[in-house]
Amino acid sequence: MDDPESHGEVNVKFLQPYQARKSYICPNCNRGISPGTSHYVVVPVHAPDLRRHWHRGCWDGRRTRTPRR
Ligand SMILES: [Zn+2]
C-alpha cells in the first residue's frame, strides 16, 4: 500500500462529517470514503502533494497489519 510515513513526518488532520464534502478513495483498503464520513487527511510534511484520505479504522489500524517480530 501507499505508506505516507515512508516519506517521513506526516501531518494528520481529523475531518468531521460536516467537513467531508466529497468522496475519496482510501489508499489502505481502496474503498471509497463517502461524503459526510469523518476520516483522516494524511499529508507528508515533505511531500504535500501526496496527501491522502484514510478511513479512521484504516489509519488507526495500519501498524497492526504488519506486526514486527
Ligand atoms: Zn480504508
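Going by the structure above, here's the rest.
Because the structure is a prediction, the values reported are computed rather than measured.

*Asks:* So what's going on with the overall build of the chain? Which residues, and what values?
*Replies:* What the chain contains, in helices and strands, is 1 helix and 5 strands. Evaluated residue by residue, the chain yields a buried proportion of 14% over its 69 residues. Long-range pairs, those at least 24 residues apart, make up 51% of the contacts in the chain with a sequence separation of at least 6.

*Asks:* Just give me the short version of the sheet that holds strand β4 (residues 39-44), but keep the residues and values in it.
*Replies:* As a general point, the strands of a sheet are linked pairwise by backbone hydrogen bonds and lie either parallel or antiparallel. Spatially, the 3 strands line up as an open sheet ordered β1-β4-β5, and their pairing is antiparallel. Where the open sheet ends on each side, the last strands, each with one partner, are β1 (10-15) and β5 (52-54). Strand-to-strand twist of the sheet, defined as the mean angle between neighbouring strand axes without regard to direction, takes the value 25°. Alignment of β4 against β5, held across 3 bridges, turns out to be antiparallel. Bridge assignment links Y40 to a residue of β5, and that residue is W54.

*Asks:* Kindly report on unusual backbone geometry, identifying the contributing residues and their values.
*Replies:* Positive phi is not limited to glycine here, since N30 has a value of about 60°. Mapped onto the elements of the fold, N30 is located in the loop between β2 (24-25) and β3 (32-33). The exposure class of N30 is exposed, given the 9 C-beta atoms found within 10 Å.

Basis of the calculations
Residues numbered from 1 in each chain as written. Predicted model: local features only at pLDDT ≥ 70, side-chain atom pairs only at ≥ 80, totals over all residues. Helix = DSSP H or I, 4+ residues; strand = E, 2+ residues; numbered from the N terminus. Buried ≥ 20, exposed ≤ 12 C-beta atoms within 10 Å, placed from the backbone. Contact = placed C-beta atoms within 7 Å. Pairing = 2+ DSSP bridges. Axes fitted to C-alpha atoms, helices over the stretch in contact; angles between N-to-C directions.

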